[in-house]
Amino acid sequence: MSELFDAVDALVSSRSPLPPPAERKRLRQAHGLTLDEVAAALQVRRATVSGWEAGKTEPRPPERDAYARMLKQLAQLYPANTPVPSEDTAVSETPAVPGVPAPSVAEPAKARTEPTADRIPEPVSEDTPQRPAAVPHPVATTRPTSRRPPAGKAAPVGSPAGGVDARFENGPLAVVDVEADGQVLAYCVGGLVLDVPAKSIPALVEWTLKEAKLGAPKLSGPGKDADPLLVLTEAALEHYGLPVTLTKEERLAGRIPEGDKVIKQLTRANWQLTKRGFGPWARIYRPAQGAERACVQLCIPSWDALDTRHWADAGQLPPADLARLLGTYATRVMTPRGSTAVTGLELMTALHPPTRASEPDADGRRHSEHNPGSLGKDPVDCAPCEAPDGHPVLADLPRFHQRTPAEVLVEEAYDWARPLTDAECLRPHLVGIDVNMAFAAGANGLVVGLGAPTHVKNPVFDAKLPGSWLVDLGHVDLSRVKVAKDKWTELDGSLLPSPFTPKGERPQGPAWYATPTVAYAVELGYDVRPIEAYVRRDNGRYLDAWYNRLRDAYLATMADLGVHADMPPAEFLAAMDGYRRRDPQLAIVVSAIKATVKGGIGKLRERPRGEGWKPGQPWRALARPTWRPDIRAAVISRTRINMHRKIVKHAAFTGQYPVAVLSDCAVYASDGPSPLDFLPYRDGKPLPGGFKLGVNPGLVKWEGTQSVLWGEGVREQFNAPELNLARYIKDGTVTDADTGE
């Protein structure tokens, strides 16, 4: 009889009632959930949830029952035809991160469209197809005349119906410039230009918050809306009484003096500056009043706000072009909060806010509580082995003590090279291949610690447990490794870098490693016996949403440049040839996205910067919950292991070995100048688990080709038989001896 009951229960659950597709989407959006978040909770693909909301497919058990349960709870929170409640009545205790107030009833800003075809899409809903609409190729920018047409607003190109938040209908940012006749204009995304009546910086801030309708919606349900960003040109700086450039002393301080007249104006108007002061990325705010926040971010390119290493000459572009470039980055990644490194770190927090609003208590009130899956609002201490030199946890060490691998965790990217063999010297070419978005790919699906570490003696290694492990991996012999289940292969271990050290040297004795490194030793077929470990039992895939956001931004921008996913190898190489010349501005966006990945990971272990710091004393970054050297180590470890795994697969299949590896670039001796001359493809399909040409993160592109004679020549010139040729393979220029920097 129980079997019959079970069958009836299964039949009922298979028909769990669901609201209509449109209502499913409304409920999800009302709670601020993304398709990715729902898909992760139900353990299905994003496209599956999208299909449910579009009515194309229906969920099946057991996902159907869970999906129905979620929608039922959301329907109780957000009944049909009723206003959606505020996402969080709790106010952050730190006034340094205020935001945009509720929309003002003030008269909307006058608007006009810039007479140019150079427009970009406004932010699109996450429910639109992932392949973005192409951004039009830029044309010469024509500045508007001083004669202003009637107020009005054209729909920005690419704006989906109903997909733009009315509070931020003019986009995330504006570039403020001044005409020859003194008229101040704000150039927004989509070619829109606003007339700015403000005569001072305080008035400009007020206008931005009350009339400009600038900003961006939050990226996560319990998160905060992005503050509006104003980019001030040199003409705008002069107009508002700010210096066009900083003096040497001001550059070193990173701000103008506290006694500057503009700062006094802000103080009189009851505006405040964050601790960084009035510098290249100033934040002007008033303390939050209830749920209302008021903050405007400034970006000043002539004060070196846009690092030329990542933004190239963006700071020299005309206002409309700069608005297009920064607007593309802002809509696809997030509104810049500072350098690309700062933005990369802030993106992690924006996608996983530390707190959320609780369920109503007995009195119907909500309060702030920890947001599961986030790093929380309080910093956690790192393990001693994870601490960089000078950290307070190491204060008892002798001043000039040099820590050994058995005392410090050293997980860094590859910097390895070897002399060419005789057979390799007979080949004409050295070909470099580079892994796309390698560190982003390393973060994808990575389980990292969310809380403090637990110290364990003589632990049993668990590949699913993030942490740092003291273990001897010197017994791992690369001449005989496992490449598949119960399948071993013989390799020439002398031609391979060790996967366990950045310099590729075989370990000597016990050393500290992150979980992905130790797990790879097990994958290669060798037992491991840790001596001790610092493990983090509170863990999760914290970086998944961060990876997805940056991956989508990168792929969308590359698609606009004519490089699409799933291209055949030869077609991909042809598309990559000169892709930057097709649209130099979008090419800058690609560089900025890459820098956001690397910079964000690097910021997880930010070092002290002056400020009178002395070894053993805490520095400012340690107060952040996102100061997490263990997460940085895990990402770099996994990135290096991913590279080594591909190298081993390639060697086992082809007998070819790299002659140099630098971070995400590997150089091979080849009979031809193209990657297709040495990468094994059969019927257009690559070696499983090996290198594959393509634009997606983790796949490879051509980095450069030089002759073997060039390689041997520069090594002889600098008397460096192991000069890392991967550092110079792109253009062949070697300006000095290899210093490893």
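Residues numbered from 1 in each chain as written. Predicted model: local features only at pLDDT ≥ 70, side-chain atom pairs only at ≥ 80, totals over all residues. Heavy atoms only, no water.

1. Some remarks on the overall build of the protein chain
- Within the protein chain, the secondary structure is distributed over 21 helices and 25 strands.
- Across the protein chain, the fraction of contacts at a sequence separation of at least 24, relative to all contacts at a separation of at least 6, is 72%.
- Summed over all atoms, the accessible surface of the protein chain reaches about 34,400 Å², with 52% contributed by carbon and sulfur. (Helix = DSSP H or I, 4+ residues; strand = E, 2+ residues; numbered from the N terminus. Contact = heavy atoms within 4.5 Å. Areas by Shrake-Rupley, 256 points an atom, 1.4 Å probe, with all protein chains shown as cover.)

2. Some thoughts on the sheet that holds strand β14 (residues 454-457)
- Taken together, 4 strands build an open sheet; the order of strands is β14-β19-β15-β18 and the sheet is antiparallel. Unpaired on one side and paired on the other, β14 and β18 (510-514) mark the two borders of the sheet. Here the strands of the sheet are splayed against their neighbours by 20° on average, with no regard to which way each runs.
- In terms of strand pairing, β14 meets strand β19 (residues 532-535) through 4 bridges, oriented antiparallel. Paired with Thr-454 across the strands is Val-535, a residue of β19.
- Those strands touched by helix α15 (residues 515-523) are β15 (467-472) and β18, and its axis lies near 110° from that of β18. (Pairing = 2+ DSSP bridges. Axes fitted to C-alpha atoms, helices over the stretch in contact; angles between N-to-C directions.)

3. Observations concerning the pattern of salt bridges
- Counted under the stated rule, the structure contains 35 salt bridges.
- Here Arg-632 and Glu-412 are joined by a salt bridge, their closest N and O atoms 3.0 Å apart. Of the two residues, Arg-632 sits in helix α20 (residues 629-654) while Glu-412 sits in the loop between β10 (368-370) and β11 (415-417), which places them 220 residues apart along the sequence.
- Of the charged contacts in the structure, one is a salt bridge between Glu-606 and Arg-609, with a shortest N-O distance of 3.5 Å.
- Arg-609 gets classed as exposed once you look at its relative accessible area, which sits at 59%.
- The structure contains a network of salt bridges with shared partners spanning Glu-386, Arg-536, Arg-628 and Asp-630. (Salt bridge = Lys/Arg side-chain N within 4 Å of Asp/Glu carboxyl O. Buried < 20%, exposed > 50% of the residue type's maximum accessible area, 1.4 Å probe, protein only.)

4. Regarding the nonpolar core
- Core analysis: the biggest nonpolar cluster contains 111 residues, and Trp-311, Trp-546, Met-558 and Ile-593 have the highest contact counts within it.
- Residue contributions to this core peak at 9 residues, all from α20.
- Counting residues in each nonpolar core, the second largest holds 38 residues, with Val-184, Ala-186, Trp-271 and Ile-284 among its members. (Core = buried A, V, L, I, M, F, W, Y, C linked by side-chain atoms within 4.5 Å.)

5. Focus: the layout of surface pockets
- The calculated volume of the second largest pocket comes to roughly 1,600 Å³.
- In terms of lining, the second largest pocket is formed by 46 residues, of which the most central are Asp-434, Lys-594, Lys-598, Asp-664 and Glu-703.
- The set of elements that each furnish at least two residues to the lining of the second largest pocket consists of α10 (308-311), β12 (429-435), α14 (438-443), α17 (569-576), α18 (579-582), α19 (584-603), α20 and β25 (700-707).
- It is α19 that provides the largest number of residues to the lining of the second largest pocket, a total of 8 residues.
- Residues that form the lining of the second largest pocket fall into these classes: 21 nonpolar, 8 polar and 17 charged. (1 Å grid on protein atoms, 1.4 Å probe; cavity = no way out; pocket = protein on both sides within 12 Å on 5 of 7 lines; lining within 4 Å. Points joined across faces, edges and corners; volume = space filled by probe spheres on them. Nonpolar A, V, L, I, M, F, W, Y, C, P; charged D, E, K, R; others polar.)

6. Quick look at the packing of helix α12 (residues 340-351) against helix α16 (residues 544-560)
- At their nearest, the axes of α12 and α16 sit 9 Å apart, and the two run at 120° to each other. Classified by the angle between their axes, α12 and α16 sit oblique to one another. The two elements α12 and α16 cross, and the hand of that crossing is right-handed. Contacts between α12 and α16 involve Gly-344, Leu-347, Met-348 and Leu-351 on the former and, on the latter, Ala-545, Trp-546, Arg-549 and Leu-550. (Parallel < 35°, antiparallel > 145°, perpendicular 65-115°, else oblique. Left-handed = near helix turned anticlockwise from the far one by under 90°.)

7. A closer look at helix α6 (residues 201-210)
- Among the 10 residues that make up α6, 7 are buried, leaving the element largely enclosed by the rest of the structure.
- By the burial criterion, the buried members of α6 are Ile-201, Pro-202, Leu-204, Val-205, Trp-207, Thr-208 and Leu-209.

8. Things to note about the sheet that holds β12
- A sheet is described by the order of its strands in space; here 5 strands give the open sequence β11-β21-β22-β12-β25, paired in antiparallel fashion. The outermost strands of the open sheet, each flanked by one partner alone, are β11 and β25. Averaged over all adjacent pairs, the angle separating strand axes in this sheet is 20°, with direction ignored.
- Pairing analysis gives 3 bridges linking strand β21 (residues 660-662) to strand β22 (residues 665-670), with the strands arranged antiparallel. Bridge pairing in β22 places Val-661 opposite Ala-666.

9. Digging into α20
- If you check α20, its first and last C-alpha atoms are 37 Å apart, about what 26 residues at 1.5 Å a residue would give, namely 38 Å.
- A large share of α20 lies buried, amounting to 20 of its 26 residues.
- Just downstream of α20, Gly-655 is the residue with a positive phi angle, here 80°. (Expected span 1.5 Å × (residues − 1).)

10. Quick word on the packing of α12 against α19
- Taken N-terminus to C-terminus, the directions of α12 and α19 make an angle of 70°; their axes are 7 Å apart at the nearest point. Classified by the angle between their axes, α12 and α19 sit roughly perpendicular to one another. Packed against α12, whose contacting residues are Thr-340, Ala-341, Val-342, Thr-343, Gly-344, Leu-345 and Met-348, the element α19 presents Ala-592, Ala-595, Thr-596, Gly-599, Gly-600, Ile-601 and Lys-603 at the interface.
- Classifying every residue of the contact of α12 with α19 by side-chain character gives 7 nonpolar, 6 polar and 1 charged.

11. Comments concerning the packing of aromatic side chains
- The full count for this structure, using the stated rule, is 11 aromatic pairs.
- Their ring planes at 45° and their centres at 4.7 Å tell us that Trp-52 and Tyr-67 sit as a pair that is tilted. Of this pair, Trp-52 sits in helix α4 (residues 46-54) while Tyr-67 sits in helix α5 (residues 63-77), placing them 15 residues apart in sequence.
- The exposure class of Trp-52 is buried, given its relative accessible area of 4%.
- Their ring planes at 65° and their centres at 6.3 Å tell us that Phe-500 and Tyr-513 sit as a pair that is edge-to-face. Of this pair, Phe-500 sits in the loop between β17 (487-490) and β18 while Tyr-513 sits in strand β18; the two residues are 13 residues apart in sequence, bridging distant segments of the chain.
- The buried category is assigned to Tyr-513, whose relative accessible area is 3%.
- Taking NZ or CZ as reference, Arg-286 lies 3.8 Å from the ring centre of Trp-271, over its face.
- Sitting above the plane of the Trp-488 ring, Arg-480 keeps its charged end 4.2 Å from the centroid. (Phe/Tyr/Trp six-rings, centres within 6.5 Å; stacked < 30°, edge-to-face > 60°. Lys NZ or Arg CZ within 6 Å of the ring centre and 35° of its normal.)

12. Notes on the confidence of the model for the protein chain
- When pLDDT is averaged along the protein chain, the result is 86; 85% of the residues meet or exceed 70.
- Counting interchain partners and residues more than four positions distant, the pLDDT-below-50 stretch residues 113-162 has 120 contacts.
- Below a pLDDT of 50 lies the segment residues 737-741, which in the model reaches 9 contacts outside its immediate sequence neighbourhood of four places, other chains included. (pLDDT = per-residue confidence, 0-100.)

13. Quick word on the side chain of Arg-28
- Looking at the secondary structure, you find Arg-28 in helix α2 (residues 21-30).
- A relative accessible area of 1% places Arg-28 in the buried class.
- Side chain to side chain, Arg-28 and Glu-53 meet in a polar contact 2.5 Å long. (Polar contact = N/O pair within 3.5 Å; in protein donor to acceptor, adjacent residues only side chain to side chain.)

14. Remarks on the environment of Leu-351
- Turning to its location among the elements, Leu-351 is positioned in helix α12.
- Overall, Leu-351 belongs to the buried group, its relative accessible area being 9%.
- Taking the C-alpha atoms as reference points, Leu-351 and Trp-546, separated by 195 residues in sequence, lie 6.9 Å from one another.
- The contact partners of Leu-351, leaving out residues within four places of it in the chain, are Leu-219, Ser-220, Ala-545, Trp-546 and Arg-549.

15. Some remarks on the pairing of strand β16 (residues 480-484)
- With 4 bridges joining them, β16 and β17 adopt antiparallel strand pairing. Following the sheet pairing, Val-481 is matched in β17 by Thr-489.

16. Brief notes about unusual backbone geometry
- A cis amide bond links Pro-61 with the next residue in sequence, Pro-62, at an omega value of 0°.
- Although it is not a glycine, Ala-312 adopts a positive phi angle of roughly 50°.
- One can find Ala-312 in the loop between α10 and α11 (319-332).
- We note that Asn-458 has phi near 50°; this positive angle belongs to a residue other than glycine.
- Here Asn-458 shows up in the loop between β14 and β15.
- Residue classification places Asn-458 among the exposed residues on the basis of a relative accessible area of 61%.

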